[in-house]
Amino acid sequence: MNKQNIQHIPSDGLRGLREHAAADGLSGFLVFLLALPLSLGIARASDFPPIMGLITAMIGGLFVSFFAGSRLSIKGPAAGLIVIVAGAVAELGHGDTTLGWQLTLGAIAAAGVLQIMFGFLRLGTLVDFFPLSAVHGMLAAIGIIIVSKQLHVLLGVNPADAHGKPLVEPFALIGALPDTFQHIKPKAALIGMVSLLIVLLWPRVKHPVLRRIPSPLLVLAAAIPLAMAFPPGPGQLVHFDHNLAETLQVNIRFDGLLQPWVFTKYVIMFALVGSLESLLTVKATDLLDPWHRKSDANRDLTAVGVGNLIASVLGGLPMISEVARSSANVTNGARTRWANFFHGVFLLLFLLLDLQFNDLIPTPALAAMLIGVGMKLASPREFGAVAKIGLEQLCIFTVTILVTLATDLLLGIAAGVV
């Protein structure tokens, strides 16, 4: 980097706010528009109260942005953790979703403490210990699991076994697709398919102004009127408590420790997978940064751990440095960490203004957004890219996917490493 570029590196702190408030404020607003529907969808798919996705994203912006080691990454809930969160709710709660949510919060808090320790012990290079092919295999498996679940939601069907118990295992969900196609709910499917078309086709728009409009915002703009014209069935509209004062209560419980193996398994998965995804995102964001600034991975890991502690106490999802919102932040012209802060401010304003979105957002629309995320994680291009590196890397990639789908993420990534 030459001296001229160094001289123009955006200032940090209050000086950066004074110099770049307009650029960072605009980027923060555009990221907010992206984060709003995605955070609701991620929370609902994770079996958390939908508003808790917004709480986590808000915490990531308002608090974590100040001491994060990465200037341009956006902190918030991630689709990559849906599988772990939903699994924790189911296993710890034994079918009681509210209890499972509260016990999962305890596991998230413990994982946050571990992440803080990782940062202080300077384990930010942890990501280099794991073969990239295994990490990408883990992410591809997460994508497959997300798509296998959300395809049913997109079509308005809740698949269950012979005893009426909802299906959760990936292979069972994939196997249930033929039956789901025979029992499609037409109104839900209409909303879902229109939403999915927007998700898939909007990125192809080349117009420099139009392409800056987040596709999730367009999905809501289309899906809400469609849901009013063609009301979907029971349980296919998002219902959430939008009163901030009533929402911000301490719901965390630690009696999940009475199930030591299950509790420990999810603490490790939250800490390990969350840390890996965060560190990979920070690396990717540094590559996109026009000023080529290098992030402090250890400091960022500590910041994410603190954010998870705060989020867990207030009932929120686990947070990471999230790749889609971070890349959008860079693309939208963000200069400093204040863009992340502004995105949190806009989320707070949304919650304080008590906007009436109850029973307006159809779940098939949120499913379409998540399918878009899952398809990116499990894109066929991922297989091709790994195959080009070498046959042994493709083997690691494939083994990680298959073991993850057959068992869980912890065993899957362990198999890839071995």
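Residues numbered from 1 in each chain as written. Predicted model: local features only at pLDDT ≥ 70, side-chain atom pairs only at ≥ 80, totals over all residues. Heavy atoms only, no water.

S.K.: Can you help me understand the packing of aromatic side chains in this one?
M.R.: Here a ring pair, both rings aromatic, is described through the centre-centre distance and the interplanar angle of the planes. Taken as a whole and judged by the stated rule, the model has 9 aromatic pairs. A ring pair is formed by Trp 338 and Phe 341, whose centres lie 5.3 Å apart and whose planes are at 85 degrees; its orientation type is edge-to-face. Of the two residues, Trp 338 and Phe 341 both sit in helix H15 (residues 338-352), 3 residues apart, roughly one turn of that helix. Relative accessible area serves as the criterion here: at 10%, Trp 338 is assigned to the buried category. Relative accessible area serves as the criterion here: at 18%, Phe 341 is assigned to the buried category. (Phe/Tyr/Trp six-rings, centres within 6.5 Å; stacked < 30°, edge-to-face > 60°. Helix = DSSP H or I, 4+ residues; strand = E, 2+ residues; numbered from the N terminus. Buried < 20%, exposed > 50% of the residue type's maximum accessible area, 1.4 Å probe, protein only.)

S.K.: Please clarify how helix H18 (residues 391-406) should be interpreted in this entry.
M.R.: Think of an α-helix as 3.6 residues a turn; residues three or four steps apart then line up on the same face. Taking 1.5 Å of rise per residue, 16 residues should cover 22 Å, and H18 covers 22 Å from first to last C-alpha, within 8% of that figure. Taken as a whole, H18 has its buried residues at Phe 397, Thr 400, Ile 401, Thr 404 and Leu 405. Projection of H18 onto a plane perpendicular to its axis shows the buried side chains occupying an angular sector of 120 degrees, all on one side. Lining the buried residues of H18 we find helix H6 (132-154), helix H7 (170-175), helix H17 (380-389) and helix H19 (409-417). (Expected span 1.5 Å × (residues − 1). Arc of directions from axis to C-beta. Contact = heavy atoms within 4.5 Å.)

S.K.: Would you mind going over the pattern of salt bridges with me for this structure?
M.R.: Note that side chains of opposite charge can pair when their charged atoms are close. Summed over the entire model, instances satisfying the criterion amount to 8 salt bridges. A salt bridge links Lys 75 to Asp 300, with the nearest nitrogen and oxygen atoms 2.7 Å apart. One end of the pair, Lys 75, is in strand S1 (residues 74-76); the other, Asp 300, is in helix H13 (residues 297-313), and 225 residues separate them in sequence. As far as burial versus exposure is concerned, Lys 75 and Asp 300 are alike and both buried. Its salt-bridge partner being Glu 322, residue Arg 325 comes within 3.1 Å of it at the nearest N-O pair. For the pair shown, Arg 325 and Glu 322 are each scored as buried. Connected via shared salt-bridge partners are Glu 91, Lys 265 and Asp 408. (Salt bridge = Lys/Arg side-chain N within 4 Å of Asp/Glu carboxyl O.)

Such coordinate-based values are descriptive only and should not be taken to indicate function.
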